[in-house]
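Chain residues, written in single-letter form:
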Amino acid sequence: MLSERRLQVLRAIVQDYVGTEEPVGSKALTERHSLGVSPATVRNDMAALEDEGYIAQPHTSAGRIPTDKGYRLFVDKLAGVKPMTGPERRAIQNFLEGAVDLDDVVARTVRLLAQLTRQVAVVQYPSLTRSTVRHVELLSLAPARVMLVLITDTGRVEQRMVDCPAPFGEASLADLRARLNSRVAGRRFTDVPKLVEDLPDAFEHEDRGTVTTVLSTLLETLVEENEERLMIGGTANLTRFGHDFPLTIRPVLEALEEQVVLLKLLGEAKDPGVTVRIGHENAHEGLNSTSVVSVGYGSGGEAVAKLGVVGPTRMDYPGTMGAVRAVARYVGQILAES
């Protein structure tokens, strides 16, 4: 265990290095921070921190910089989450409230996160498998053609055309709409197949073919794999941090182009708290020089997807964690109200 004083020294090193981009020396630390000890004592503390792998010397005669292990201790023990100011919170709310649909919510969230943190922002679309049905609308377009509209609790809207095997009257369509919503509204997608399996039996023999066709289209819509969609923005922000990436920025950019990598990075949506992965904690080699801060978002206290940012390990962790958490909270509120 590190002593309280050495923890304070590590905190000061992280803060100074993040703020100045320069390796930190003992003299600068004692001048900038009220550590209450001499530069010689700070030098001894820094030597101990270096021996234990929390800081490193990038080149001879330079100061020290935090390692992945040092940043990890800083995030776990030393860094609070920096709350957003009142004006910042109002700006987030006003910007997101202008969204007209789910695509717009996601696009605005990406832009906002990239601007607030000056990192790369990644937002996962709400997952269909964790969604519930808000309403199913059936509209007659022709005697044997119906439009099915599925609306989810996260504001997602899916439309499908259904070609019926026989003409289907308005009264029968209204009956099917009412019976269908009474069974599935408010229910999880995963529960729907069981809830509707005997529904065709409730209709006249000549209408059962059409009812079965409509239900088949609904079930296909529920299981489609379009849930794992992502939007990414602010990639150009990485160019500001060229010197933070040891060799080149290219492996990072290549990793960011792989959707599977990004989904793994964001982690499981069911883990709602703020997650920070630092440097080599990221399994993908191209991202070993980056940190990822992510959090779940959703309506009604349950996370349906994740959002987060990717940037260099030399990151303002308290500010980034605060921004990611605040944006996720407002996105959740908007989805709940939509």
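These figures come from a predicted structure and were not determined experimentally.

Rules of the game
Residues numbered from 1 in each chain as written. Predicted model: local features only at pLDDT ≥ 70, side-chain atom pairs only at ≥ 80, totals over all residues. Heavy atoms only, no water. Helix = DSSP H or I, 4+ residues; strand = E, 2+ residues; numbered from the N terminus. Salt bridge = Lys/Arg side-chain N within 4 Å of Asp/Glu carboxyl O. Buried < 20%, exposed > 50% of the residue type's maximum accessible area, 1.4 Å probe, protein only. Phe/Tyr/Trp six-rings, centres within 6.5 Å; stacked < 30°, edge-to-face > 60°. Polar contact = N/O pair within 3.5 Å; in protein donor to acceptor, adjacent residues only side chain to side chain.

### Details of unusual backbone geometry
At step 1: With a phi close to 65°, E21 is a non-glycine residue in the positive phi region.
At step 2: One non-glycine residue, R118, adopts positive backbone phi at about 55°.
At step 3: With respect to the element layout, R118 can be found in the loop between α6 (102–117) and β3 (120–124).

### Comments concerning the pattern of salt bridges
At step 1: Tallied over the entire structure, the rule returns 17 salt bridges.
At step 2: The salt bridge involving D103 is made with R229; its shortest N-O contact spans 3.6 Å. Here R229 lies in the loop between α9 (208–223) and β7 (230–233) and D103 lies in helix α6, a separation of 126 residues in the sequence.
At step 3: Looking at D103, the relative accessible area reads 39%, which means it is partly exposed.

### Quick notes on the packing of aromatic side chains
At step 1: All chains considered together, the criterion is met by one aromatic pair.
At step 2: Centre to centre, the rings of Y71 and Y317 are 5.6 Å apart; their planes meet at 50°, and the pair counts as tilted. Of this pair, Y71 sits in helix α4 (residues 68–78) while Y317 sits in helix α12 (residues 317–337), placing them 246 residues apart in sequence. Each member of the pair, Y71 as well as Y317, is classed as buried.

### Things to note about the side chain of E158
At step 1: Tracing the chain through its elements places E158 in strand β6 (residues 157–163).
At step 2: A polar contact is formed between the side chain of E158 and the side chain of R160, at a distance of 3.3 Å.

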